[in-house]
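# Structure assessment
Here is what each chain is made of, one letter per residue.
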Amino acid sequence: MSIFDKVKNAFSGKEVEKEAPKREETYEEILLSPMDGEVKDIKECSDPVFAQEIVGKGVMIIPSLGKVYSPVDGEISMLAETGHAVGITSDKNDEILIHIGLDTVELEGKPFNIVSKNGQKVKKGDLLVEFDIDQIKAGGKEIQSPVIITNTDGKDIQALGFGVKNHGDELIKVSK
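The model shown is predicted, which means the values in this text are computed figures rather than measured ones.

### Observations concerning the pairing of strand β10 (residues 127–131)
- Pairing geometry for strand β4 (residues 67–69) and β10, over 3 bridges, is antiparallel. If you follow Val68 over to β10, its bridge partner there is Val129.
- In the sheet, strand β8 (residues 112–114) pairs with β10 via 3 bridges, with the strands oriented antiparallel. Along β10, the bridge assignment pairs Asn113 with Glu130.

Structure (structure tokens):
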């Protein structure tokens, strides 16, 4: 029933049909690991903004290989010019931030090779960015790499285990 039908019925004296209350959407999404390395609790991150979950909830990866792959099907919603951070909005509207290292923006893009672009549609496993771990360390920066869900309202964010993982392994479950 349209809004116009409701108004018409209200003025004609007919009983207005009540709509069923809207059910909140429920879903589950599994994010895959975007890189090879050791997965740790985000609360262990040396950057307090990530450790205190101010940006969002997730995990931290100590990378062992300098490649970042898409953890979901979706679209690149933010790609830092320097290549140090990638934001992806999944097809289920989860907003994922992959931040390669800490304070790596200060390296002005030198250790990073961007192989994707803003607005690009991506599938799980698509290569997004390559980076040089040794060059990041030589620049005096930490390689701890947060993988964060930034739009967490009403969602349950659960790490699917810690320890060594390869890209493509199940990493985080998001449910609502």
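Now that the structure has been shown, the text picks up again.
### Re the packing of aromatic side chains
- As enumerated under the stated definition, the model contains 1 aromatic pair in all.
- Relative to Phe131, the ring of Phe112 lies with its centre 6.5 Å away and its plane at 40 degrees, an arrangement referred to as tilted. With a gap of 19 residues between them, Phe112 in strand β8 and Phe131 in strand β10 connect regions that are remote in the sequence.
- Its relative accessible area of 10% is what places Phe112 among the buried residues.
- Using a relative accessible area of 8% as the deciding quantity, one classes Phe131 as buried.

### A few points about the nonpolar core
- Ranked by size, the top nonpolar core spans 30 residues in total, and within it Val68, Leu128, Val129, Phe131, Val147 and Ile172 carry the most contacts.
- Those elements that place two or more of their residues in this core are β3 (57–63), β5 (74–79), β6 (85–90), β7 (95–99), β10, α3 (133–138), β11 (145–149) and β14 (170–175).
- Counting residues in each nonpolar core, the second largest holds 10 residues, with Ile42, Cys45, Phe50 and Ala51 among its members.

### A word on the pattern of salt bridges
- Taken as a whole and judged by the stated rule, the model has 6 salt bridges.
- Its salt-bridge partner being Asp94, residue Lys155 comes within 2.7 Å of it at the nearest N-O pair. One end of the pair, Lys155, is in the loop between β11 and β12 (156–159); the other, Asp94, is in the loop between β6 and β7, and 61 residues separate them in sequence.
- Among the residues examined, Lys155 registers a relative accessible area of 16% and is labelled buried.

### A look at the pairing of β6
- Of all 6 residues making up β6, 5 are buried, and the element is well covered by its neighbours.
- Where β5 folds back on β6, the antiparallel hairpin that results is connected by 5 residues, among which Gly83 adopts a positive phi of roughly 85 degrees.
- From the end of β6 to the start of β7, which pair antiparallel, there are 4 residues, and Asn93 there has a positive phi angle of about 70 degrees.

### A closer look at the side chain of Thr104
- Mapped onto the elements of the fold, Thr104 is located in the loop between β7 and β8.
- You can call Thr104 buried: its relative accessible area is 0%.
- The residues contacting Thr104, other than those within four sequence positions of it, are His84, His99, Phe112, Ile136, Lys141 and Glu142.

### Details of the sheet that holds β5
- Read from one edge of the open sheet, 8 strands run β9-β5-β6-β7-β11-β3-β2-β13, paired in antiparallel fashion. Sheet topology places β9 (121–122) and β13 (163–165) at the edges, where each strand pairs with a single neighbour.
- Sheet topology places β3 next to β11; 5 bridges connect them, and they run antiparallel. Counted as the bridge partner of Ile61 is Ser145 from β11.

Rules behind the numbers
- Note on numbering: residues in each chain are counted from 1, in written sequence order.
- Predicted model: local features are reported for residues with pLDDT of at least 70 only, side-chain atom pairs are reported and counted for 80 or more only, and whole-chain, interface and lining totals are derived from all residues.
- Derived side-chain values reflect all non-hydrogen atoms in the structure, with water molecules and hydrogen atoms excluded from consideration.
- Paired strands, as defined in this entry, are two strands with at least two bridges between them according to DSSP.
- In DSSP terms, a helix is any run of H or I states spanning at least four residues, a strand is any run of E spanning at least two, and both are numbered starting from the N terminus.
- Note on aromatic pairs: the rings of Phe, Tyr and Trp (six-membered ring only in Trp) are paired at centre separations within 6.5 Å, and the planes decide the class, stacked below 30 degrees, edge-to-face beyond 60, tilted for the rest.
- Relative accessibility under 20% of the residue-type maximum defines a buried residue, over 50% an exposed one, and the middle range a partly exposed one, all with a 1.4 Å probe and only protein chains included.
- Only buried residues count toward a nonpolar core. Its members are Ala, Val, Leu, Ile, Met, Phe, Trp, Tyr and Cys residues joined through side-chain atoms within 4.5 Å.
- Within this document, salt bridges are pairs made up of a side-chain nitrogen of Lys or Arg and a carboxyl oxygen of Asp or Glu, the two lying within 4 Å of each other.
- Should any heavy atoms of two residues lie within 4.5 Å, those residues are counted as being in contact.

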